[in-house]
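Secondary and tertiary structure notes
Residue strings, one per chain:
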Amino acid sequence: MKILSVFSLFVLFATLSGCLIGHKIVYIVDVNKSGPGTATVWYNNIRSDATNDQEFEEDKNNLFDYMLKSDKFIKDMKAEGKTITSRELIMEKEQLNGKAVYYFTKLSDVENLSYEEGFYYLTLALDDSVVATNGEVIKSAKYKRILWDESINPLKFEILIEPTEGTKTKSLAEFYSKGND
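As the structure is a prediction and not an experimental result, all values here were calculated from the model.

Each helix and strand counted, the chain has four helices and 13 strands in total. Counting over 181 residues, the chain shows a buried share of 43%. The contacts of the chain with a sequence gap of at least 6 include a subset with a gap of at least 24, amounting to 62%. A total of about 9400 Å² of accessible surface is found on the chain, and carbon and sulfur atoms cover 48% of it.

What follows deals with the nonpolar core. In terms of nonpolar packing, the biggest core is built from 38 residues, with Val29, Leu63 and Leu172 touching the most fellow members. Per-element tally for this core: the top contributor is helix 2 (residues 53-67), with five residues. Each residue touching valine 29, except ones within four places of it in the same chain, is listed here: Thr38, Ala39, Phe104, Val110, Leu113, Asn153, Pro154, Leu155 and Phe157.

Turning our eyes to something else, we now look at the sheet that holds strand 6 (residues 95-104). The strand order across the open sheet built from six strands is 5-6-3-2-12-9, with neighbouring strands paired in antiparallel fashion. The strands lining the two open edges of the sheet, one partner per strand, are strand 5 (83-92) and strand 9 (129-133). Here the strands of the sheet are splayed against their neighbours by 15° on average, with no regard to which way each runs. Pairing geometry for strand 2 (residues 24-30) and strand 3 (residues 37-44), over seven bridges, is antiparallel. Counterpart to valine 29 in the pairing with strand 3 is alanine 39. Its contacts with the sheet put helix 2 on strand 5 and strand 6, and the angle it makes with strand 5 is roughly 130°.

This next bit is on helix 2. Because the α-helix completes a turn every 3.6 residues, residues three or four places apart line up on one side. Taking 1.5 Å of rise per residue, the 15 residues of helix 2 would be expected to cover 21 Å, and the 20 Å separating its terminal C-alpha atoms lies within 8% of that figure. Along helix 2, the sharpest change in direction is near 25° and occurs at asparagine 61. Regarding helix 2, the residues found buried are Glu55, Phe56, Asp59, Lys60, Asn62, Leu63, Phe64, Tyr66 and Met67. Between the side-chain oxygen at the start of helix 2 and the backbone nitrogen of glutamine 54 there is a gap of 3.1 Å, and the oxygen is on asparagine 52.

Scanning the entire structure with this criterion turns up four salt bridges. Between aspartate 76 and lysine 72 there is a salt bridge, and its shortest N-O distance comes to 3.2 Å. Pair noted here: aspartate 76 and lysine 72 are both in helix 3 (residues 71-79), with a separation of four residues, about one helical turn. Under the relative-accessibility criterion, aspartate 76 is labelled partly exposed at 24%.

Residue serine 70 occupies the N-cap position of helix 3, its side-chain oxygen lying 3.1 Å from the main-chain nitrogen of phenylalanine 73. Among the residues trailing helix 3, glycine 81 stands out with phi positive, at a value near 90°.

Right, let's get into the sheet that holds strand 8 (residues 119-124). Pairing is antiparallel across the open sheet formed by four strands, whose spatial order is 7-8-11-10. The sheet is open, and its two edges are formed by strand 7 (114-116) and strand 10 (136-139), each paired on a single side. Strand-to-strand twist across the sheet, computed as the mean angle between neighbouring axes with direction ignored, equals 30°. In this sheet, strand 8 lies alongside strand 7 in antiparallel orientation, the contact comprising three bridges. Counterpart to serine 114 in the pairing with strand 8 is tyrosine 121.

Rules used throughout
- Residues numbered from 1 in each chain as written.
- Predicted model: local features only at pLDDT ≥ 70, side-chain atom pairs only at ≥ 80, totals over all residues.
- Heavy atoms only, no water.
- Helix = DSSP H or I, 4+ residues; strand = E, 2+ residues; numbered from the N terminus.
- Buried < 20%, exposed > 50% of the residue type's maximum accessible area, 1.4 Å probe, protein only.
- Contact = heavy atoms within 4.5 Å.
- Areas by Shrake-Rupley, 256 points an atom, 1.4 Å probe, with all protein chains shown as cover.
- Core = buried A, V, L, I, M, F, W, Y, C linked by side-chain atoms within 4.5 Å.
- Pairing = 2+ DSSP bridges.
- Axes fitted to C-alpha atoms, helices over the stretch in contact; angles between N-to-C directions.
- Expected span 1.5 Å × (residues − 1).
- Bend = angle between axes of the 7 residues up to and from the residue.
- Polar contact = N/O pair within 3.5 Å; in protein donor to acceptor, adjacent residues only side chain to side chain.
- Salt bridge = Lys/Arg side-chain N within 4 Å of Asp/Glu carboxyl O.

Below is the structure:
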């Protein structure tokens, strides 16, 4: 999955062999030039690409027990500069979505967002699919960058996340509705 290298919260979805994936990830980042701010991250249609029952169980435990309920997840995120203020799973149209809100003190703790000479920017791989943004997408031969004028706040971007072609996925929605809240 190409996006995982860019979005560190989503990296936590990775387990030993299976991996939790989503259809898209949406960021809304309230920025402050001095650094502190808040990021809201949405993961749409969370699924597992596990290839066997054991990996699928690990993915379910990772999502429902570790990410949704554990204090260890909060501590792990804090070590990355993200102070989680809320996290939840939401059923919508038979899809399981996730939402996390976190406080940061350094802008670079939000997926390596940067600020320079009146502009905020996020550098992505060329093959990352920017679905929507309130900034401007600029492409070069080596990377893709979203650029925002400093007057824009919050910064918004939405990235499509698709599993590698041929990868089969399984929804986690039915397991959430069975009392994993």
